[in-house]
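Residue-level structural notes
Read off the chains here:
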Protein chains: 2
Amino acid sequence: MPVMTSESNKRVTIKSIAKEVGVSFSTVSKALNNDPAIKKSTRLLILNKANEMGYTPNSLAKGLRSHSTKTVAIIFSDIENPVLTYIFCKILTKMAEHGYTTMIFDSQFNENTERANILTVLSRQADFIILEPTSMNPDNLRLLSKTPNRLTLQGIRYETMNCHHVHVDYAHGGYLAACEMLSNGHKNCLVITEALSFPTSREFVFGIERAYNEYGVPFNRDMVKTTHSSITNGFQVIQQLWDHDKNAFSVPITGVLTFDDILAYGVYKAALQYNFKIPDDISVIGFDDNPISAFSMPPLTTIHLPKDKMAENHINILQSTLLSGRTETCFFSADPTLVVRGSVRNLLEKKRN
Amino acid sequence: MPVMTSESNKRVTIKSIAKEVGVSFSTVSKALNNDPAIKKSTRLLILNKANEMGYTPNSLAKGLRSHSTKTVAIIFSDIENPVLTYIFCKILTKMAEHGYTTMIFDSQFNENTERANILTVLSRQADFIILEPTSMNPDNLRLLSKTPNRLTLQGIRYETMNCHHVHVDYAHGGYLAACEMLSNGHKNCLVITEALSFPTSREFVFGIERAYNEYGVPFNRDMVKTTHSSITNGFQVIQQLWDHDKNAFSVPITGVLTFDDILAYGVYKAALQYNFKIPDDISVIGFDDNPISAFSMPPLTTIHLPKDKMAENHINILQSTLLSGRTETCFFSADPTLVVRGSVRNLLEKKRN
DNA sequence: TTGTAGGCGTTATCAG
DNA sequence: CTGATAACGCCTACAA
């Protein structure tokens, strides 16, 4: 238990310890690092004094000397997204066990914010960077091209970057969701997604379009509404349609495909407010498979994202390059799957009635 | 756009820039910091060269010199808790606008992990620390006693620490939840909560006990089950009861009070699995008011936590001490409120039938 | 076994 | 206006 000496204001460093013990500061340094060259008795003397004075090593100085900060930086497009939150929590916890601290950054789907984040990460000398790019524009990525095996890209595939990847096939997810709608007879679906400048959002819509093509159903791009993920925003998209745009579409909408479960809850909220029933009046399919979606009213049909697997892949990459010194870069891809629950109505069966 | 010079491996520092431009490195430093003492023409020369070489200032060196790292550290008991996640996301985003980086740490309700976290935060020279203590044991807190106005305690009230507080009255929340149960005729409730060593968990139970006392209903401490917050764990508590302990209680359980909404979903999961109905067979009250709880089946009656207000208070404290240099410490307290939805059945009305 | 010197990349204080 | 120098706290050859 550190008892403060009289003038506790002064910073306690190896120098001040050295002065107290009456040795040189390099002896203190060695003792603190368990250098066997130091006599046991003096080491003990030093260790005790350091403890008593409440010494904490200065990582800045250490990092400056050693060119290693034991730091990994994570830059995500939107850290409030539950899947991303889950992933960085897992990474953070695991890396803490190895003595690494994790810095989290939020780009908010904004290239400039992303660039600022990359620059501060570089400036802070992070040992490893995990980035979920906000766009396919390579300008920001170029800042990171020096150390390809100290970088993993999350979410998208970037062919020209020879770095680690933890990819998610959003196109396939969108495809699966749209197929589920189409095979249940929903030909006129609304799509609520993130800004299309965001690569995964665009992939998502591509996948949907592909399904429409396969089913021979024309895909109306006006049906794609973009907004930032939140219950309120999802709600507002429906609200807008309800209040104003209702007549903008010749065919009534029977289904909604959303970029994530959160937006789907926005539709749920609208159902409560405007008194329509899911799935009787409108069908909904989400994306992510939030654990809570199994208990929603009705249980949400959604696209399951293997977030455990994704987190695991990130951790494997980190461990093998930071701890085991591997130099090859690896590419992981996560396949989304459809989880059928109760938010999609079968329109075809109805017709038979 | 930084074009790499031939040997791009070498670190680019103010020294290397100085060599390229043909000035002294202190001139470069001044130019980079917009010191008016530097001639415009040479400043421009230097700025261009720096840009061309892809210079990034080294924050470690900066911090070492200036004794300021533009860093705030957040140490929470469980960063996956949605309320805490929400709060640190808000703080992180706002502080990023001011050029501050936020480091997140997870103590996992463990005093030793908490201590390790505090030590690394100290070692990393964070400018400000936000801590949600895992226990009332002051040993770890003592490590932070040197700079009381650079510390805010989240969640609990620590009378003897003269630092900032953002407190939550969990006792009152527990009281409200229990009152709702009791006033609907539920005298035999299960409580599922975090380990009682965790201060807020203990407060929660205190509050429940107080309600029982006011209603003149004996409170059975055996009804308090502790586990870590997760849907699975909440489920398992019910499972255990169902499979093994069913006969351990003389009176059948009619209600469940949980420490957070996540645990409540565990009960929902059990309802699905064991085919009992909420609230017909068992009533449930959560805690936190997860935004999604409004759409659960049935909508979850819960205790609302003003997380916006809490985040705002944290941000205010940070801004006023870090940016405006205020030195007084402030104390904020958040009051939880009851949100009645559909997961509690009125047992008394039933009797009248 | 311990002490000395130099340097990691910056900034600040002086001289020139 | 620009340059040399010291210092921030630590580590590591090398010397004693």
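Note that residues are indexed from 1 along each chain, following the sequence as it is written. By the order in which they are written, chains take letters starting at A while ligands take numbers starting at 1. Local features in this predicted model are restricted to residues whose pLDDT is 70 or higher, and side-chain atom pairs enter the listing and the counts only when it is 80 or higher, whereas totals over whole chains, interfaces and linings include all residues. Water and hydrogen atoms play no part in the side-chain values, which are based on all heavy atoms of the structure.

An unreviewed UniProt entry lists chain A under the name LacI family DNA-binding transcriptional regulator, from Xenorhabdus yunnanensis.

Let's shift gears to the packing of aromatic side chains. Side-chain rings of Phe, Tyr and Trp (the six-membered ring for Trp) are treated as a pair once their centres are within 6.5 Å; stacked means planes under 30 degrees apart, edge-to-face means over 60, and tilted covers the remaining angles. On inspection of all chains with the given rule, the structure shows 25 aromatic pairs over all chains. Ring geometry for Phe88(A) against Phe88(B): centres 6.0 Å apart, planes inclined by 55°, an arrangement best described as tilted. Of the two residues, Phe88(A) is situated in helix H5 (residues 82-97) and Phe88(B) in helix H5 (residues 82-97); the pairing between them involves two chains. For the pair Phe88(A) and Phe88(B), a shared accessibility class is recorded, and that class is buried. Through a chain of ring-to-ring contacts, three or more aromatic side chains come together here, namely Phe109(A), Tyr170(A), Phe198(A), Phe204(A), Phe259(A) and Phe287(A). Going along the chain from the N terminus, every DSSP run of H or I of four or more residues is numbered as a helix, and every run of E of two or more is numbered as a strand. Categorising residues by exposure relies on relative accessible area from a 1.4 Å probe, with only protein chains included: less than 20% of the type maximum marks a residue as buried, more than 50% marks it as exposed, and the intermediate range marks it as partly exposed.

Turning next to the relation of the copies chain A and chain B. When the copies are superposed, the least-squares fit draws on C-alpha atoms of residues that have pLDDT of at least 70 in both. Note on the copies: chain A fits chain B at an RMSD of 0.0 Å, the axial shift is 0.0 Å, and the rotation between them is 180°. Viewed as a symmetry operation, the transformation between the two copies matches a two-fold axis. In terms of proximity to the rotation axis, the leading residue of chain A is Ser296(A), whose C-alpha is 2.0 Å off the axis. Note on definitions: a residue-residue contact is assigned when non-hydrogen atoms from the two residues lie within 4.5 Å. A share of 100% of the interface residues of chain A reappears at the interface of chain B, consistent with the copies meeting face to face through the same patch.

Turning our attention to the packing of helix H1 (residues 14-21) of chain B against helix H2 (residues 25-32) of chain B. Residues and elements named next belong to chain B. Look at H1 against H2: their axes get within 8 Å of each other, and the N-to-C directions meet at 105°. Classified by the interaxial angle, the pair formed by H1 and H2 is roughly perpendicular. Residues Ile14, Lys15, Ile17 and Ala18 of H1 form the contact with H2, whose participating residues are Phe25, Val28, Ser29 and Leu32. Taken together, the residues of the contact of H1 with H2 sort by class into six nonpolar, one polar and one charged. With axes taken as lines fitted to C-alpha atoms, and helix axes fitted only over the stretch in contact, angles between N-to-C directions fall between 0 and 180 degrees. Orientation categories follow fixed angle ranges, with anything under 35 degrees roughly parallel, anything over 145 roughly antiparallel, 65 to 115 roughly perpendicular, and all other angles oblique. Under the scheme applied here, ten amino acids are nonpolar (Ala, Val, Leu, Ile, Met, Phe, Trp, Tyr, Cys and Pro), four are charged (Asp, Glu, Lys and Arg), and all others, including Gly, are polar.

Residues Ile278(A) and Pro279(A) are joined by a peptide bond in cis, for which omega reads 5°. Here Pro279(A) is to be found in the loop between helix H11 (261-274) and strand S9 (283-285). With an omega of -5°, the peptide bond running from Met297(A) to Pro298(A) counts as cis. Mapped onto the fold, Pro298(A) is located in the loop between S9 and strand S10 (302-304). At Gln125(B), a residue that is not glycine, the phi angle is positive and equals roughly 60°.

This paragraph deals with the interface of chain A and chain B. Listed as interface residues are 52 residues of chain A and, on the opposing side, 54 residues of chain B. Buried area, as used here, totals the accessible surface that two parts lose on assembly, with accessibility defined by a 1.4 Å probe and the loss added over both. If you sort the residues of chain A by the area they bury against chain B, Leu60(A), Arg124(A) and Phe295(A) come out on top, with a joint share of 17%. We define a salt bridge as a contact between a side-chain nitrogen of Lys or Arg and a carboxyl oxygen of Asp or Glu at a distance within 4 Å. For Glu80(B), the salt bridge goes to Lys90(A), with nearest N and O atoms at 2.7 Å. Sorting the residues of the side of chain A that touches chain B by element identifies helix H4 (59-66), H5, strand S2 (101-106), helix H6 (111-123) and H11 of chain A as the ones contributing at least two each. At seven residues, the largest contribution of residues to the side of chain A that touches chain B is made by H5(A). Its residues assigned to classes, the side of chain A that touches chain B shows 26 nonpolar, 18 polar and eight charged.

All names here are of chain A. Taking 1.5 Å of rise per residue, the 14 residues of helix H8 (residues 170-183) would be expected to cover 20 Å, and the 20 Å separating its terminal C-alpha atoms lies within 8% of that figure. The buried fraction of H8 is high, at 11 of 14 residues. Of the residues flanking the end of H8, it is Gly185, one or two places downstream, whose phi is positive at about 90°. In a helix, the anticipated span is given by 1.5 Å times the number of residues less one.

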